[in-house]
Amino acid sequence: MSRLDLRGAMLHLSVVIGAPDPGEQACQHLRTSGLPTMANPTPKPKQTTAIDHGVGSRIAFLRAANGLSQSALASALGVSFQQVQKYETGKNRVGAGRLQAIAERLGVPVSSFFEPEPEASTENGPALLRVAGAVEILRAYNQIADDQMRRDVLSLVKSAARIGQLRSADEAAPQSPTATRNA
């Protein structure tokens, strides 16, 4: 006799003798036990948190600093580039094993994804490296082998920064009436 036939026979017998349905007894037990049923589905997976967003933004930063595209990182991890996008935006959580693989590919310890980020107002750290072109300048500077040439490049960049500050100050200063008439 198959299980289905046995269940049908038990149900028929319970109806004939007035005993409660064993299937209903099992469902009642599930409802009271807290186990998931069709009426009581399993809870949704955990939603992402601020920590997930922070880890994702650090992945994006370190990936870009290493000169990797999302596709290249995805290929190295064996996932789609869309999955890497979801990690970087904090839309999807990154599991421990995957985070370890990302850290190895980017050449950083896993702890670097959890370090507090310095304030944007500080003059060092990742906030400065987010400025457009900053990472490229560092990469190029790092490729200069000659120490004197490095000092010369640094001097040139500092001079350009001073000129830029002076121009900004001149543009922000109100024009005097005599300077406007002479122009």
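Relevant structure appears above.
To start, this report covers the structure provided alongside it. None of the values given here were measured: they were computed from a predicted structure.

The biggest cluster of nonpolar side chains holds 17 residues, and the ones touching the most others in it are Ile 59, Val 94, Leu 99, Ile 102, Leu 106 and Phe 113. The set of elements that each furnish at least two residues to this core consists of α3 (50-65), α4 (70-77), α5 (81-89) and α6 (96-106). Setting aside anything within four residues of it in sequence, one finds Leu 99 in contact with Val 55, Ile 59, Val 94, Val 110, Phe 113 and Phe 114.

Okay, the pattern of salt bridges next. Summed over the entire model, instances satisfying the criterion amount to two salt bridges. As a salt-bridge pair, Arg 93 and Asp 52 come within 3.1 Å of each other at their nearest N and O atoms. Of the two residues, Arg 93 is situated in the loop between α5 and α6 and Asp 52 in helix α3; the sequence distance between them amounts to 41 residues. The class for Asp 52 is buried, based on a relative accessible area of 12%.

A few words on the side chain of Arg 63. Tracing the backbone shows Arg 63 in helix α3. Arg 63 sits in the buried class, given a relative accessible area of 12%. Within polar-contact distance, the side chain of Arg 63 engages the side chain of Glu 88 at 2.5 Å. Beyond its immediate sequence surroundings of up to four residues, Arg 63 is in contact with Leu 68, Ser 69, Gln 70, Leu 73, Glu 88 and Leu 106.

What counts, and at which threshold
- Residues numbered from 1 in each chain as written.
- Predicted model: local features only at pLDDT ≥ 70, side-chain atom pairs only at ≥ 80, totals over all residues.
- Heavy atoms only, no water.
- Core = buried A, V, L, I, M, F, W, Y, C linked by side-chain atoms within 4.5 Å.
- Buried < 20%, exposed > 50% of the residue type's maximum accessible area, 1.4 Å probe, protein only.
- Helix = DSSP H or I, 4+ residues; strand = E, 2+ residues; numbered from the N terminus.
- Contact = heavy atoms within 4.5 Å.
- Salt bridge = Lys/Arg side-chain N within 4 Å of Asp/Glu carboxyl O.
- Polar contact = N/O pair within 3.5 Å; in protein donor to acceptor, adjacent residues only side chain to side chain.

Don't take any of this as a statement about function, it's just geometry.
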